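Residues per chain, in single letters:
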Amino acid sequence: SAASDVYKRQAIMIVIFYNSFNFFMTYANKGFIYILGLLLIIPFVISAAMILIHIPLVMAYFKNLMLKEIVKLSCIMAFKDILNNILIVLIVSLLMSLNIALYFVMAIGGISIPIYIAVKLSFKKYIKIYRKVEKEDE
């Protein structure tokens, strides 16, 4: 299904970014080029996180889209309001880190709190497009 393909690609992307980050962190004391590589991978990781956060939101709001359309729309939504999306990524990353580090946070809120915050912060963008699409479908 399209959802499982998305999750497989997300997992592959996470592994590749983690491997690159780990490589540059390991060799950062060996020279300037490794520090430059580390500085260059950070924006790519943030961009990928912004896109990954929007994939489930796009899938929830817009049914019957093909995988390519879901990824395209996620890219558009991720870079439509960059400051808001960076805020979403920071909040989700912080809460997920807390979930991993402190088990009682996971027991109280789990993954639902970061998802709720992401939905609340991006609701206005999505509902505006959703209503426009609904009008065109009628």
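Going by the structure above, here's the rest.
The text that follows walks through the structure, step by step, so that each part is easy to find.

## Observations regarding unusual backbone geometry
Negative phi is the rule for most residues except glycine; trans is the rule for most peptide bonds.
Alright, step 1. Phi angles above zero are rare outside glycine, and Asn64 is one such case at about 60°.
Alright, step 2. With respect to the helices and strands, the residue Asn64 is situated in the loop between helix 2 (32-61) and helix 3 (67-80).
Alright, step 3. Residue classification places Asn64 among the exposed positions, given a relative accessible area of 78%.

## Describing helix 3
Alright, step 1. In a regular helix each residue adds 1.5 Å, so 14 residues correspond to 20 Å; helix 3 covers 20 Å between its end C-alpha atoms and thus fits that length.
Alright, step 2. Along helix 3, the residues that are buried comprise Leu67, Ile70, Leu73, Ser74, Met77 and Ala78. Angularly, the buried residues of helix 3 cover 140° about the axis, an arc narrow enough to put them on a single face. Turned more than 90 degrees away from the buried face of helix 3 sit Lys68, Lys72 and Ile76, all of them exposed.

## Examining the side chain of His54
Alright, step 1. Checked against the element boundaries, His54 lands in helix 2.
Alright, step 2. Take His54: its relative accessible area is 1%, and that puts it in the buried class.
Alright, step 3. At 2.6 Å, the side chain of His54 forms a polar contact with the side chain of Tyr126.
Alright, step 4. Not counting residues up to four positions away in its chain, the partners in contact with His54 are Ser74, Met77, Ala78, Asn85, Ser122, Lys125 and Tyr126.

Cut-offs and rules
- Residues numbered from 1 in each chain as written.
- Predicted model: local features only at pLDDT ≥ 70, side-chain atom pairs only at ≥ 80, totals over all residues.
- Heavy atoms only, no water.
- Helix = DSSP H or I, 4+ residues; strand = E, 2+ residues; numbered from the N terminus.
- Buried < 20%, exposed > 50% of the residue type's maximum accessible area, 1.4 Å probe, protein only.
- Expected span 1.5 Å × (residues − 1).
- Arc of directions from axis to C-beta.
- Polar contact = N/O pair within 3.5 Å; in protein donor to acceptor, adjacent residues only side chain to side chain.
- Contact = heavy atoms within 4.5 Å.

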